[in-house]
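# Chains, contacts and geometry: an overview
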Amino acid sequence: MTRRAAEIRLDALLRTACDVIVERGLANTRTADVAQAAGVSQALVFYHFATKERLLAQAFAYAVEQDLARLDVVTRSSAPPLTKLRRILKLYTPAGRATSWSMWIDGWSESLRTPELEKVSRRLDLRWRQDLAAVISAGVADGTFQCADPDGAAWRISAVMDGLAVQLAVHDRVISRRQFGEWVRLVTARELGLDQAELD
C-alpha cells in the first residue's frame with residue numbers, strides 16, 4: 001500500500017469511526033463495529049490504531065478538528081474583532097442533528113475514564129478558549145470591547161455556551177435555538193461592554 005493510499009484509508013476509517021460513535025456512543029463502540037461499517041478487517045483497524053482507546057481518541061480528535069478548521073477560517077481572516085466574535089458565536093451554536101455536539105458531549109463524559117481521550121479533549125477544548133480570548137484581546141486593543149480580563153471572559157462565555165448547548169443538543173425542546181442565541185449574546189455583551197444588538 002502506498003503512503004497516499006494508506007492516508008486515504010486512514011481518513012476513511014476515521015470518518016466511519018465518527019459515524020459509528022455518533023450512533024453507538026464512545027463507550028459502546030467496538031473496533032469490530034468500525035471494521036464492519038468500513039468493510040475492512042478488524043486487523044486493519046488495529047494496524048492503524050493499535051488499541052481501541054487510540055481509535056476512539058483519534059476519531060474524537062478527527063471530528064473536533066473539523067470544527068477547529070472552521071474556527072481557524074474565522075480567526076485568521078482579516079475581519080474586525082466584532083465580526084469575528086459574531087461568527088464564533090454562530091459556529092458554536094448546535095445546528096441540525098448536532099453531530100459535532102454529540103461527539104463533544106460524549107467525549108467530555110468518556111474523558112473521565114479514558115486518559116488518552118482526556119488529553120485530546122483538553123487540548124482541543126482549550127483551543128476554543130484561547131482563540132476566543134485572542135479575538136476579545138484584539139477587540140480590547142482596538143477599543144471595540146471593554147474587558148479587563150479577556151481570558152476570564154472567554155472562559156465565562158464558553159461555559160455559558162457549553163451549558164446551554166448541552167441542553168439544546170440533549171434535551172429536546174427544553175430551550176430553543178432562538179433562546180440559546182439570545183442568552184449567549186446577552187452574556188457576551190455584558191462581558192465585553194457591548195449592546196446586545198451589536199451581536200445580532
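The rules we used
- In this numbering scheme, every chain counts its residues from 1 along its sequence in written order.
- Only residues with pLDDT of 70 or above have their local features reported here, since the model is predicted, and side-chain atom pairs are shown and tallied only from 80 upward, although totals for entire chains, interfaces and linings are computed over all residues.
- Hydrogens and water molecules were not included; the side-chain quantities draw on all heavy atoms of the structure.
- The helix count covers DSSP runs of H or I at least four residues long, the strand count covers runs of E at least two residues long, and both are numbered beginning at the N terminus.
- Throughout this description, buried means an accessible area under 20% of the type-specific maximum (1.4 Å probe, protein chains only), exposed means over 50%, and partly exposed covers the range between.
- Pairs of residues are marked as contacts when any of their non-hydrogen atoms sit within 4.5 Å.
- Calculation of accessible area relied on Shrake-Rupley with a 1.4 Å probe; when residues are assessed, cover is drawn exclusively from the protein chains displayed.
- Positive charge is attributed to Lys and Arg, negative charge to Asp and Glu, and no charge count is given to His or to the chain ends.
- Taken as the charge location is NZ of Lys, CZ of Arg, CG of Asp or CD of Glu.
- For helices, the axis comes from a line fit to the C-alpha atoms of the stretch in contact; other axes are also lines fit to C-alpha atoms, and the angle between any two N-to-C directions lies between 0 and 180 degrees.
- Note that the term roughly parallel is reserved for angles under 35 degrees, roughly antiparallel for angles over 145, roughly perpendicular for angles of 65 to 115, and oblique for everything else.
- Two helices crossing with the near one rotated counterclockwise from the far one by less than a right angle form a left-handed crossing, whereas a clockwise rotation gives a right-handed crossing.
- Ten residues, namely Ala, Val, Leu, Ile, Met, Phe, Trp, Tyr, Cys and Pro, are considered nonpolar, four, namely Asp, Glu, Lys and Arg, are considered charged, and the remaining ones, Gly among them, are considered polar.
- Think of it this way: a Phe, Tyr or Trp ring, Trp meaning its six-membered ring, pairs with another when their centres are within 6.5 Å, and the plane angle makes it stacked under 30 degrees, edge-to-face over 60, tilted otherwise.
- UniProt positions are given in the numbering used here, feature names are shortened, and annotations may be inferred rather than shown by experiment.
- Values of pLDDT, which run from 0 to 100, indicate the predictor's confidence residue by residue.
- Within 3.5 Å is the distance limit for a polar contact, defined as a pair of N or O atoms, with the added protein rule that one can donate a hydrogen and the other accept it, and that residues adjacent in sequence qualify only through two side-chain atoms.
- Here the arc refers to the directions that run from the helix axis out to each C-beta atom.

The protein carries the name TetR family transcriptional regulator in an unreviewed UniProt entry, which gives Micromonospora arborensis as its organism.

## What to know about the overall build of the protein
Secondary structure assignment for the protein yields 9 helices and 0 strands. Tracing the protein from N to C terminus, the helices and strands come up as α-α-α-α-α-α-α-α-α. Principal-axis analysis of the C-alpha atoms gives the protein an extent of 55 × 40 × 25 Å. Counting every position in the protein, which comprises 200 residues, the buried fraction comes to 44%. Considering only contacts within the protein whose residues lie at least 6 apart along the sequence, 62% involve residues at least 24 apart. When the accessible surface of the protein is totalled, it reaches about 10,700 Å², and 52% of it is carbon and sulfur. The centroid of the 27 positive side-chain charges in the protein is displaced by 4 Å from the centroid of its 25 negative side-chain charges.

## Looking at the packing of helix α7 (residues 115–141) against helix α8 (residues 150–170)
As a packed pair, α7 and α8 sit with axes 8 Å apart at the nearest point and diverge in direction by 130°. By the angle class used here, α7 and α8 are oblique. Both α7 and α8 take part in a crossing whose hand is right-handed. Side by side, α7 and α8 meet where L126, R129, L132, A133, I136, S137 and V140 of the first sit next to P150, D151, A153, A154, W155, I157, S158, M161 and D162 of the second. Its residues assigned to classes, the contact of α7 with α8 comprises 11 nonpolar, 2 polar and 3 charged.

## Description of the packing of aromatic side chains
Taken as a whole and judged by the stated rule, the model has 3 aromatic pairs. Ring plane angle 85° and centroid distance 5.8 Å describe the contact between F60 and W104, whose orientation is recorded as edge-to-face. Note that F60 is positioned in helix α4 (residues 52–75) and W104 in helix α6 (residues 99–111), a separation of 44 residues in sequence. For the pair F60 and W104, a shared accessibility class is recorded, and that class is buried. When the centroid spacing of 5.8 Å and the interplanar angle of 45° are considered together, the rings of W104 and W108 count as tilted. Here W108 and W104 lie together in helix α6, a separation of 4 residues that amounts to about one turn.

## Focus: the environment of Q196
Looking at the element boundaries, Q196 is found in the segment after α9 (177–192). Assessed through its relative accessible area of 28%, Q196 is described here as partly exposed. Here the alpha-carbon distance between Q196 and L186, two residues 10 residues apart in the chain, equals 5.7 Å. Setting aside residues up to four positions removed in sequence, Q196 forms contacts with E182, R185, L186 and A189.

## Here we look at unusual backbone geometry
Trans peptide bonds make up the majority, and among non-glycine residues the majority have a negative phi. Its identity is not glycine, yet A50 carries a phi of approximately 70°, on the positive side. Tracing the sequence through the fold places A50 in the loop between α3 (42–49) and α4.

## Thoughts on the UniProt feature "DNA-binding region" (unreviewed entry) in the protein
According to UniProt, the feature "DNA-binding region" (unreviewed entry) maps to residues 30–49 in the numbering used here. Annotation note: span residues 30–49, helix share 80%, strand share 0%, distance between end C-alpha atoms 13 Å.

## Quick word on the confidence of the model for the protein
For the protein, the average pLDDT comes to 88, and 94% of its residues sit at 70 or higher. At the level of individual helices and strands, the protein shows its lowest average pLDDT in helix α1 (residues 3–24), which scores 80, and its highest in α9, which scores 95.

## As for the side chain of T16
Position of T16 relative to the elements: it lies in helix α1. A polar side-chain atom of T16 sits 2.9 Å from the main-chain carbonyl oxygen of A12. Among residues more than four places away in sequence, those in contact with T16 are V34, A37 and A38.

## Regarding α3
Within α3, burial applies to L44, V45, H48 and F49. Taken around the axis of α3, the buried residues stretch over an arc of 115°, which confines them to a single face. With respect to the buried face of α3, the exposed residues turned more than 90 degrees away are A43 and Y47.

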